[in-house]
Amino acid sequence: MPIKILIADDSASDRMIIKSMLSEYTILTACDGMEAMQVLERDEGINILILDINMPNMNGFQVLESLNNDEGFRKIRTIVLTNQDELDNEIRGLELGAVDYIRKPIHMASLKARIDVHVALLRAEQALEQQLDEQTLTFDMVFEQAPIGIAITYRSDSENSTNTIIRINKAYEQITGITKEDLIESGWVKLTHLDDLEEDMNNFTKLQAGEINSYSMEKRYIKPDGSLVWVHMVVAALAPIRKYKLNHICLIQDITERKQIEIERKYLSEHDRWTGLYNREYLEDFLAKDAKHKLWSKRALISINLSSIQSLTANYGFIYTQGLIKRTSQVLMQLCSNNRLLFQTHESRFVFYFSDYRDKKELIEFCDAIADTLESLFATDRIGGGIGVLEIDQDQNKLEIDILLRRLLIASERSISMFGKYFEICFYDEILEDIVSRERFIIEALTAITTDTNTNDELFLQYHPIMNLETGTICGFEALARLNTNKHGLISPVEFIPVAEKSKLIIPIGEKVIVKAFNFINKLMELGYNDIVVSINISPIQLLSPNFTDRLFELIDQMQVNLRNISIEITESVFASDYEYINNIIEVLRDAGMHISIDDFGTGYSSLSRVKELKVDSLKIDKSFIDNLLDPDQNKAITGDIISMAHKLGHSTIAEGVEYEEQKEYLKKHGCDKIQGYLMSKPLDEKDAIEFLQKCYK
Ligand code: C2E
Ligand code: MG
Ligand code: MG
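Predicted model, so just to flag it, every value in this text is computed and none were measured.

A. Quick look at the overall build of the protein. Helices and strands together make up the secondary structure of the protein, namely 25 helices and 25 strands. The C-alpha atoms of the protein give 51 Å as radius of gyration, which overshoots the globular expectation for 698 residues (26 Å, by more than 25%). Each of the three principal axes of the protein carries a C-alpha extent, and together these read 160 × 60 × 45 Å. Of the roughly 36700 Å² of accessible surface on the protein, a fraction of 51% belongs to carbon and sulfur atoms. Averaged over its 76 positive side-chain charges, the protein has a centre that lies 2 Å from the centre of its 110 negative ones.

B. Representation of helix α2 (residues 33-42) within the structure. Within α2, burial applies to Gly33, Ala36, Met37, Val39 and Leu40. Take α2 and look down its axis: the buried residues cluster within an arc of 165 degrees, on one side only. Turned more than 90 degrees from where α2 packs its buried face, Glu41 and Arg42 sit exposed. Measuring from the side-chain oxygen of the N-cap residue of α2 to the backbone nitrogen of Met34 gives 3.1 Å; that N-cap residue is Asp32.

C. Seen up close, the coordination of the magnesium ion (ligand 3). Protein-derived coordination of the magnesium ion (ligand 3) comes from Asp599 (OD), Asp600 (OD), Glu656 (OE) and Glu656 (OE), at a distance range of 2.0 to 2.5 Å. On the accessibility criterion, Asp600 (24% relative accessible area) is partly exposed.

D. How the structure looks around the domain arrangement of the protein. As far as domains go, the protein holds domain 1 (4-106), domain 2 (129-260), domain 3 (271-428) and domain 4 (462-481 + 504-696). Of note, the centres of domain 1 and domain 3, computed from C-alpha atoms alone, are 99 Å apart.

E. Looking closely at the packing of α2 against helix α3 (residues 60-69). Following both chains from N to C, one finds α2 and α3 inclined at 30 degrees, their axes separated by 9 Å at the closest point. With respect to α3, the axis of α2 lies roughly parallel. In terms of crossing hand, the pair formed by α2 and α3 is right-handed. Between α2 and α3, the residues in contact are Gly33, Met37 and Leu40 and Val63, Ser66 and Leu67, respectively. Broken down by class, the residue content of the contact of α2 with α3 amounts to four nonpolar, two polar and no charged.

F. Main features of the pairing of strand β2 (residues 26-30). Of the strand pairs in this sheet, strand β1 (residues 4-8) and β2 are connected by five bridges, and their pairing is parallel. From the neighbouring strand, Ala8 faces β2, where its bridge partner is Ala30. As a crossover connection, the stretch from β1 through helix α1 (residues 12-21) into β2 is right-handed.

G. Fine view of the nonpolar core. If you look at the biggest cluster of nonpolar residues, it comprises 77 residues, and the most contacted ones within it are Phe518, Ile566 and Leu667. Beyond its immediate sequence surroundings of up to four residues, Leu667 is in contact with Leu469, Ile626, Leu629, Thr639, Ile643, Ala655, Val658, Cys672 and Ile675. Counting residues in each nonpolar core, the second largest holds 30 residues, with Val331, Leu335, Phe350 and Phe354 among its members.

Conventions and cut-offs
Residues numbered from 1 in each chain as written. Chains lettered and ligands numbered in written order. Predicted model: local features only at pLDDT ≥ 70, side-chain atom pairs only at ≥ 80, totals over all residues. Heavy atoms only, no water. Helix = DSSP H or I, 4+ residues; strand = E, 2+ residues; numbered from the N terminus. Rg over C-alpha atoms; globule rule 2.2 N^0.38 Å. Areas by Shrake-Rupley, 256 points an atom, 1.4 Å probe, with all protein chains shown as cover. Lys, Arg positive; Asp, Glu negative; His and termini not counted. Charge placed at Lys NZ, Arg CZ, Asp CG, Glu CD. Buried < 20%, exposed > 50% of the residue type's maximum accessible area, 1.4 Å probe, protein only. Arc of directions from axis to C-beta. Polar contact = N/O pair within 3.5 Å; in protein donor to acceptor, adjacent residues only side chain to side chain. Donors = N, O, S within 2.8 Å, 3.2 Å for Na, K, Ca; no water. Domains from an automatic or database assignment. Axes fitted to C-alpha atoms, helices over the stretch in contact; angles between N-to-C directions. Parallel < 35°, antiparallel > 145°, perpendicular 65-115°, else oblique. Left-handed = near helix turned anticlockwise from the far one by under 90°. Contact = heavy atoms within 4.5 Å. Nonpolar A, V, L, I, M, F, W, Y, C, P; charged D, E, K, R; others polar. Pairing = 2+ DSSP bridges. Right-handed = clockwise from strand over helix to strand, strands pointing away. Core = buried A, V, L, I, M, F, W, Y, C linked by side-chain atoms within 4.5 Å.

Structure follows, in structure tokens:
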């Protein structure tokens, strides 16, 4: 930027000399104070004034005073020209705002040097000003055009809000609908949603106390029309400026749309879509939070488990059962209160969370109310169910939620299976707990066995002799699985087989049984007993597993077992589930040469026509029919009829559970083919079974 210098001096020669010295600058001249003022007013942008003090019309001091009175001349740097002996004038000149003085007669080099210094200063000052202007401009631009809302607050003390400067930008106004005036009048506290206030206040207090430099959160502002806007907000402390010590900047971004999607998603993830009730995930979260807070109040979970829903869907269709479920949710909702919350953990399972109840009596009364409500709702639909109750005691707070809910399910399912009535109540208690923990123990033991982990628990077989009634000789054995454990001793198959079935461990366990039984068959062959048939019990789960037959034939092949020595026992109830499919499987096995028996015959639901179609060799008449033979007259005829019916349909018969001679005689008389029972022997270990056989054939 060019530098303009005005020389005001009544001496024409001095003016000339100075002008010639400073030829690189733009020079203007005036011959007295008056003219100097006129030039200053006319010519804008004069930077330096070289001012002689002693001038006619208007002297240098008067010029300085005039300059002082006019804000427009504030930036002019004035250098006064004085005579050698005018020290007072120099001082006065400086007091009146001159920045320097030069004595006459003028020493040219010194004048030049001084002017150059002032020009340099001037330039530096100009550069700084320009930079500051640019910065201010940039900040204002950012502030006004930013797509995020900005509010800057300068405050001198926390008590009194009068000494506060607030600046907010357009975006802030647009997002919140709040004007600067509103903000000053109400303060942000009143404009913040109540649910977000505590967090905001806590953080803000820490910020003002200097404990934190900034904080961020998602919060809701209440717009003047009462609607809400969700914002992501960052608040940061700003450095103090003069008396303003409590300064901060607040940046906000409108996240209402995202928040709405989030809220919708959250709603969907926490509620059942059909009934609108809170779902299992929500219950889990709720219980996890609850475990931390309400340590001392009484709490219980009450599960309502509807049965027969699936068969109703099959018969009447999905819409019908959906309607039922909706109505169930509606009637149950009427039983809700502040301390009774309702959840739907599964399509046909509802859970009440009951807190702060008095005693067990109150719980039972509530369960009765549920049962009454549902029984009258389902009066015509023949839907039953179970009501399971789990009281959460202090210890259970430490339990995993999953275990808690599993226990609840056990209680409700048990109440379904325990009684045939519509809605019965079952409390989860120690007995149930024992059953569950024993079940868990069995699963662990079986798992260890299937993975060949080295424990002292053992799976082995005993063999129960089967006698041919016609010849009176032993014609076979039934292989019976045994589980011997270190902790609980011998566990009956009646207990561990259903557990293995439920956990699907029956597939690897069953294979182990097959291998052991095959080994036994091969041992008997080595000993020369070529015609002894060993029966192996096969669970429906095994039979229905995809590659059961392939695996069985593979083992037969590997172990070189004679197919004629293998008998497969399957329970009658298997046919209830998938008759055709199972009949096809057993046909394959039978065609290969294996013997097939229906176990526990008479306890299932086979109709006569079905029994005829079964591709089996023999029917194993259930022990209950054999027990009945001891009764002087009752039912005797039935057992005889079963035998003759089986024969007519082309099946041979085996009677199991024969304990008395009297039963044997009856069976013999009615043409039963084989018998099995304690009358001959109890199930025997492998070594004893072989000895038993050897004795029979001596
Ligand atoms: P099941 O196949 O009907 O076996 C007959 C059960 O009746 C055996 O009980 C046997 O010891 C018992 N029993 C036989 N004669 C008499 C008698 O005269 N009096 C009395 N009181 N009982 C007699 P166990 O060994 O306890 O087996 C029970 C059930 O466990 C079996 O019934 C079978 O369903 C199942 N099971 C046993 N081993 C296996 C196996 O390896 N696989 C599968 N899937 N199930 C098995
Ligand atoms: Mg059996
Ligand atoms: Mg049986």
